[in-house]
Amino acid sequence: MFPDFLNKPEKRKFQFVQHLENQPLLNDDKEAMMHTLGLSSFLFYKTIDELNADFIAFGLQEDMEIQVEGPIVQLIYKGMTHAEILFTYYFEQSLKYCIFKECFFEQLVSIYDFAERHYFSHNPVYKEFKLLKKILLQYGIKITKDFQLVGDEWAIREFLFIFFSSSKEKIPTLFPA
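Every value quoted in this text rests on a predicted model; they were computed, and no experiment measured them. The written sequence of each chain sets the order in which its residues are numbered from 1. Restriction of local features to residues with pLDDT of at least 70 applies here, the model being predicted, together with a cutoff of 80 or more for giving and counting side-chain atom pairs; totals for whole chains, interfaces and linings are based on all residues. Remark: hydrogens and water are excluded; side-chain values derive from all non-hydrogen atoms of the structure.

Enquirer: Describe the side chain of lysine 13, and please don't skip the residues or the numbers.
Expert: Summarising the element assignment, lysine 13 is placed in helix α1 (residues 8–21). On the basis of relative accessibility, which here comes to 5%, the residue lysine 13 falls in the buried class. What lysine 13 contacts, discounting residues up to four positions off in sequence, is Thr47, Glu50, Leu51, Asp54 and Tyr90. Numbering of helices and strands starts at the N terminus; helices are DSSP runs of H or I of at least 4 residues and strands are runs of E of at least 2. Relative accessibility thresholds used throughout: buried, under 20% of the residue-type maximum; exposed, over 50%; partly exposed, between the two (1.4 Å probe, protein chains only). By the convention used here, residues are in contact when the closest approach between their heavy atoms is within 4.5 Å.

Okay, here's the thing in structure tokens:
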């Protein structure tokens, strides 16, 4: 998984679910959880509301739900769902994922063009691109001025395989024969 690729709000929501998922009974004390995750009361309840809305938007409302009963926050699984499924939805919506995917398919001409085509302001896209370059350096991959991926071929291949297997997209469509 690549949590660094997630947008900030989605990363917070994913960490929230992952924290509850790592608890023995899928629940935790509200105050302890707020302290552990560094959330204010407002952000805590906002995260729960956003997560429950995301479950509905992604069609997961039959499988996942977060409830607050008194001081206890509980993650309720009604099916075979887990946090990684939620991660794939957030992953594919992230700006870094979209930028990297366009680099990989050699569709990225400029940051300005990308921002225009995806209806974003230029500054946030540029900031995300700079963060993407820093993240990729950790894996020994650089992005050139022409938006080409450069580095050890095996490191790039391994990264691409793991990266795209973290998404819901089919690998054969990404790596045709």
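Enquirer: Account for the environment of glutamate 116, naming residues and giving values.
Expert: Within the secondary structure, glutamate 116 sits in helix α6 (residues 111–117). Taking the C-alpha atoms as reference points, glutamate 116 and proline 71, separated by 45 residues in sequence, lie 46 Å from one another.

Enquirer: If you had to explain the sheet that holds strand β3 (residues 72–77) to someone new, which residues and values would you point to?
Expert: When DSSP finds two or more bridges between two strands, those strands count as paired. Strand order across the open sheet formed by three strands is β1-β3-β2, with antiparallel pairing between neighbours. Edge positions in the open sheet fall to β1 (27–29) and β2 (64–69), since each of these has one partner strand only. Averaged over all adjacent pairs, the angle separating strand axes in this sheet is 15°, with direction ignored. Of the strand pairs in this sheet, β2 and β3 are connected by six bridges, and their pairing is antiparallel. In the sheet register, glutamate 65 faces β3, and the bridge partner there is isoleucine 76. Interaxial angles span 0 to 180 degrees and are taken between N-to-C directions of axes, which are lines fitted to C-alpha atoms, for helices over the stretch in contact. The strands touched by α1 within the sheet are β1, β2 and β3, with β3 carrying the most contacts at an inclination of about 90°. Strand contacts of helix α3 (residues 41–57): β2 and β3, with the helix running at about 150° to β2, the strand carrying the most contacts.

Enquirer: Any chance you could break down the packing of helix α5 (residues 95–104) against helix α8 (residues 153–165) for me, citing the residues and the numbers?
Expert: Remark: α5 packs on α8, axes separated minimally by 13 Å, with the N-to-C direction vectors making an angle of 135°. When the interaxial angle is binned, α5 and α8 end up oblique. Our pair here, α5 against α8, has a crossing hand that is left-handed. In contact with Tyr97, Phe100, Lys101 and Phe104 of α5, α8 contributes Phe159, Leu160, Phe163 and Phe164. In this classification, Asp, Glu, Lys and Arg are treated as charged, Ala, Val, Leu, Ile, Met, Phe, Trp, Tyr, Cys and Pro as nonpolar, and every other residue, Gly included, as polar. For the contact of α5 with α8, the per-class residue count stands at seven nonpolar, no polar and one charged. Angle categories are assigned with fixed cut-offs, so that under 35 degrees is roughly parallel, over 145 is roughly antiparallel, 65 to 115 is roughly perpendicular, and the rest are oblique. Handedness of a crossing follows from how the near helix is turned relative to the far one, being left-handed for an anticlockwise turn of less than a right angle and right-handed for a clockwise one.

Enquirer: Go over unusual backbone geometry, please, and point to the residues and values.
Expert: Although it is not a glycine, leucine 26 adopts a positive phi angle of roughly 60°. We note that phenylalanine 147 has phi near 65°; this positive angle belongs to a residue other than glycine. What makes phenylalanine 147 buried here is its relative accessible area of 10%.

Enquirer: Run through α5, naming residues and quoting values.
Expert: Since the α-helix packs 3.6 residues into each turn, any two residues three or four apart lie on the same face. Where burial is concerned, most of α5 is hidden: seven out of the 10 residues are buried. Looking at α5, one finds that the buried residues are Leu95, Lys96, Tyr97, Ile99, Phe100, Glu102 and Cys103. Tucked inside the fold, the buried residues of α5 contact α4 (83–93), α6, α7 (122–137), β4 (141–143), β5 (149–151) and α8. Looking at the residues trailing α5, positive phi occurs at glutamate 106, about 55°.

Enquirer: Quick rundown of the packing of aromatic side chains? Include the residues and the values.
Expert: Stacked, edge-to-face and tilted are the three classes for Phe, Tyr and Trp ring pairs, Trp counted by its six-membered ring, which pair at centre distances within 6.5 Å; planes under 30 degrees apart are stacked, over 60 edge-to-face, the rest tilted. If you walk through the whole model with that rule in mind, you get 18 aromatic pairs. Between phenylalanine 100 and phenylalanine 159 the ring centres are 5.5 Å apart and the planes differ by 80°, which places this aromatic pair in the edge-to-face class. On the criterion of sequence distance, the pair formed by phenylalanine 100 in helix α5 and phenylalanine 159 in helix α8 is long-range, its members being 59 residues apart. Each member of the pair, phenylalanine 100 as well as phenylalanine 159, is classed as buried.

Enquirer: Can you break down the nonpolar core residue by residue, with the values?
Expert: In this description, a nonpolar core means a group of buried Ala, Val, Leu, Ile, Met, Phe, Trp, Tyr and Cys residues linked to one another through side-chain atoms lying within 4.5 Å. The biggest cluster of nonpolar side chains holds 47 residues, and the ones touching the most others in it are Phe5, Phe16, Val17, Ile66, Phe100 and Phe163. In contact with phenylalanine 100, not counting residues within four places along its chain, are Phe5, Leu132, Leu136, Leu149, Phe159, Leu160, Phe163 and Phe164.

Enquirer: Hey, could you go over the side chain of serine 94 for me, with residue numbers and the actual values?
Expert: As for its placement among the helices and strands, serine 94 is situated in the loop between α4 and α5. Sequence-distant contacts of serine 94, that is, excluding residues within four places in its chain, are made with Phe5, Leu6 and Asn7.

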